[in-house]
Amino acid sequence: MQKVKAIYPGSFDPTTNGHLDVIARAARIFDHLVVAVLNNSEKSALFSVPERVAMLSESTQQFDNVSVATFNGLMVDFARQQQAHAVVRGIRAISDYEYEFQMALMNRRLAPELETVFMMPAEKYSYVSSRLIKEVFRLGGSIDGLVPPNIVERLRERAKRNLGQSDGDI
Ligand code: PNS
């Protein structure tokens, strides 16, 4: 039987437990899952792409059918290059749906053979986003339980490093 490969594209700046929950669910359904970090210099990111790849690799090492890669340009071109059959995107709430629906239909127009599969993370992560994680951490709030421990550690290191340089902002 043909093996079914999916890609899970995103910014992952940084990885949250919501992302990991989707990865765990997708890894159960697909034979192989490629977590694909967008390498986009236009978007101002907290972590560099190599740092994000390292964090994702650390957090997904328990899955032997999950790998981490980076991509530039159109996601559908990367999916074709990978010979992927599906694209996984997480939907936390109805508010995510409109943008995701537009993106899925545009991607379908560009690559009709590629199917977008929406997956819901556990409801306990339904309010968790990379943007809010960075904001809460920056303002001194607890993000324990919302991101993997290695990412709390990296955020702390980043804040410490920046403290030496300026005002300690991440
Ligand atoms: O984690 P994000 O930022 O919500 O991920 C968005 C991402 C990376 C999946 C999306 O911006 C993307 O696919 N970008 C690559 C460029 C592309 O293919 N654009 C057309 C989308 S229809």
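What comes next concerns the included structure.

Rules of the game
- Residues numbered from 1 in each chain as written.
- Predicted model: local features only at pLDDT ≥ 70, side-chain atom pairs only at ≥ 80, totals over all residues.
- Heavy atoms only, no water.
- Helix = DSSP H or I, 4+ residues; strand = E, 2+ residues; numbered from the N terminus.
- Rg over C-alpha atoms; globule rule 2.2 N^0.38 Å.
- Buried < 20%, exposed > 50% of the residue type's maximum accessible area, 1.4 Å probe, protein only.
- Contact = heavy atoms within 4.5 Å.
- Areas by Shrake-Rupley, 256 points an atom, 1.4 Å probe, with all protein chains shown as cover.
- Lys, Arg positive; Asp, Glu negative; His and termini not counted.
- Charge placed at Lys NZ, Arg CZ, Asp CG, Glu CD.
- Salt bridge = Lys/Arg side-chain N within 4 Å of Asp/Glu carboxyl O.
- Patch = residues over 30% accessible without salt bridge, like charges linked within 9 Å, V, L, I, M, F, W, Y side chains within 5 Å.
- Polar contact = N/O pair within 3.5 Å; in protein donor to acceptor, adjacent residues only side chain to side chain.

1. Notes on the overall build of the protein
Scanning the protein from terminus to terminus reveals six helices and five strands. Walking the protein from its N terminus toward its C terminus, one meets helices and strands in the order β-α-β-α-β-α-β-α-β-α-α. Compactness check: the protein gives a C-alpha radius of gyration of 16 Å against a globular reference of 15 Å for 170 residues, within 12% of the reference. Seen through its principal axes, the protein has C-alpha atoms that stretch 55 × 35 × 30 Å. Looking at the protein as a whole, 46% of its 170 residues qualify as buried. In the protein, once contacts between residues fewer than 6 apart in sequence are set aside, the share between residues at least 24 apart is 76%. Counting only carbon and sulfur atoms, one obtains 52% of the accessible surface of the protein, whose full area is about 9,700 Å². Considering the protein, the positive charge centre built from 20 side chains and the negative charge centre built from 20 side chains are found 1 Å apart.

2. Comments concerning the pattern of salt bridges
Note on pairing: side chains with opposite charge can pair once their charged atoms come close. What the rule picks out here adds up to 10 salt bridges. Here Arg-25 and Asp-21 are joined by a salt bridge, their closest N and O atoms 2.5 Å apart. Placement of the pair is Arg-25 and Asp-21 together in helix α1 (residues 17-29), with a separation of four residues, close to one helical turn. On the basis of relative accessible area, Asp-21 is assigned to the buried category, the value being 15%. The partner of Arg-131 in a salt bridge is Glu-135, and the shortest N-O contact between them spans 3.8 Å. Linking Arg-131 with Glu-135, this pair stays in helix α5 (residues 130-138), spanning four residues, or about one helical turn. Overall, Arg-131 belongs to the exposed group, its relative accessible area being 56%. Owing to a relative accessible area of 32%, Glu-135 belongs among the partly exposed residues under this scheme. If you follow the salt bridges from partner to partner, you end up with Asp-13, Arg-52 and Lys-134 in one network.

3. Some remarks on a nonpolar patch on the surface
A contiguous nonpolar surface patch, about 490 Å² in accessible area, is contributed by Ile-94, Tyr-97, Phe-101, Leu-105 and Phe-118. Among the elements that take part in the nonpolar patch, helix α4 (residues 94-110) stands out by supplying four residues, more than any other. Tracing the sequence through the fold places Phe-118 in strand β5 (residues 115-119).

4. So, the side chain of Asn-150
For Asn-150, the position within the fold is in helix α6 (residues 149-165). Within the structure, the side chain of Asn-150 is placed 2.6 Å from the side chain of Glu-58, a separation counted as a polar contact. Here Asn-150 is in contact with Met-55, Glu-58 and Ser-59, once residues within four sequence places are set aside.

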